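Inside the fold
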Amino acid sequence: VSTQSTGEIHPNKHHSPHTNMADSSVEAVFKRIDTNSDGKVGKGELIEALKRKHVPEDKIPAFIAKLYSKFGVDETHEVTLDEFKGYFEKAKTDPEFAEVFKHLGL
């Protein structure tokens, strides 16, 4: 009797590699932005991420306002990984939202 069952050792083998790559890429960017590793991204972390991506400092306040407006939350909200992934999914159909994620490295 075999102790290995098909598909259970490598569960990602049967999923689209593009989906897994996108998920891991979004997660990697989230982790880079989440500099205090608390599982949430706050306004300060987003500002620092944009600075690291060489977004001009005079453009960052408007960019942050646009980002939070697109997220549909106020600027005190801290974004979780699941929320971040959801926002990334929305960005696929919204060119303005996609621009936000482009600046964050996606």
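In this text, all values refer to a predicted model and were calculated from it rather than measured experimentally.

1. Topic: the pattern of salt bridges
- This structure, assessed with the given rule, holds five salt bridges.
- With a shortest N-O distance of 3.6 Å, K40 and E78 are connected by a salt bridge. You can see K40 sitting in strand β1 (residues 40–41) and its partner E78 sitting in the loop between α3 (60–71) and β2 (79–80), a full 38 residues away along the chain.
- Using a relative accessible area of 32% as the deciding quantity, one classes K40 as partly exposed.
- For E48, the salt bridge goes to K51, with nearest N and O atoms at 3.5 Å. With a gap of three residues between them, E48 and K51 both fall in helix α2 (residues 43–52), about one helical turn apart.

2. Things to note about α3
- Over its 12 residues, α3 extends 16 Å from the first C-alpha to the last, a length consistent with the 16 Å expected when each residue adds 1.5 Å.
- When α3 is considered as a whole, its buried residues turn out to be I60, F63, I64, L67, Y68 and F71. Seen from one end, α3 has its buried residues packed into an arc of 130°, which puts them on one side. Turned more than 90 degrees from where α3 packs its buried face, P61, A62 and S69 sit exposed.
- Close packing links the buried residues of α3 with β1, α2, β2, α4 (81–91) and α5 (95–103).
- Two residues or fewer past α3, G72 is found with a positive phi of approximately 80°.

3. Some words on the packing of α2 against α3
- At a minimum axis separation of 11 Å, α2 and α3 run at an interaxial angle of 125°. The angle between α2 and α3 falls in the class oblique. Crossing of α2 over α3 shows right-handed handedness. Together, K43, L46, I47, L50 and K51 of α2 and I60, F63, I64, L67 and Y68 of α3 make up the contact between the two elements.

Conventions used here
- Residues numbered from 1 in each chain as written.
- Predicted model: local features only at pLDDT ≥ 70, side-chain atom pairs only at ≥ 80, totals over all residues.
- Heavy atoms only, no water.
- Salt bridge = Lys/Arg side-chain N within 4 Å of Asp/Glu carboxyl O.
- Helix = DSSP H or I, 4+ residues; strand = E, 2+ residues; numbered from the N terminus.
- Buried < 20%, exposed > 50% of the residue type's maximum accessible area, 1.4 Å probe, protein only.
- Expected span 1.5 Å × (residues − 1).
- Arc of directions from axis to C-beta.
- Contact = heavy atoms within 4.5 Å.
- Axes fitted to C-alpha atoms, helices over the stretch in contact; angles between N-to-C directions.
- Parallel < 35°, antiparallel > 145°, perpendicular 65-115°, else oblique.
- Left-handed = near helix turned anticlockwise from the far one by under 90°.

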